[in-house]
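Next come the chains, spelled out residue by residue.
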Amino acid sequence: MDDFRKQLPEKWRNFDFTNAIGLLILMKEIQEQEPLDDPNVIKIDEDGTRLY
């Protein structure tokens, strides 16, 4: 990891990248989720199947 930080510009060497990685993972999860509201769904079955 130290070799990685040495290649960065001076202002980025002490940056904590764990927050940035966590945000990228969260953004990916949000993009992949299904819409919360679908006006065409009449009922959601017990097994999670959407009934139209």
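Overview of the structure.

### Side note on the overall build of the protein
For the protein, the helix and strand inventory stands at two helices and two strands. In terms of overall dimensions, the protein is more spread out than a globule: its C-alpha atoms have a radius of gyration of 21 Å, far above the 10 Å expected for 52 residues. C-alpha atoms of the protein, sized along the principal axes, occupy 55 × 20 × 10 Å. Residues classed as buried in the protein amount to 2% of the 52 residues present. Just so you have it, the protein exposes about 5,300 Å², and 56% of that area is on carbon and sulfur atoms. If you average the places of the 7 positive and of the 12 negative side-chain charges in the protein, the two averages end up 11 Å apart.

What counts and how
Residues numbered from 1 in each chain as written. Predicted model: local features only at pLDDT ≥ 70, side-chain atom pairs only at ≥ 80, totals over all residues. Heavy atoms only, no water. Helix = DSSP H or I, 4+ residues; strand = E, 2+ residues; numbered from the N terminus. Rg over C-alpha atoms; globule rule 2.2 N^0.38 Å. Buried < 20%, exposed > 50% of the residue type's maximum accessible area, 1.4 Å probe, protein only. Areas by Shrake-Rupley, 256 points an atom, 1.4 Å probe, with all protein chains shown as cover. Lys, Arg positive; Asp, Glu negative; His and termini not counted. Charge placed at Lys NZ, Arg CZ, Asp CG, Glu CD.

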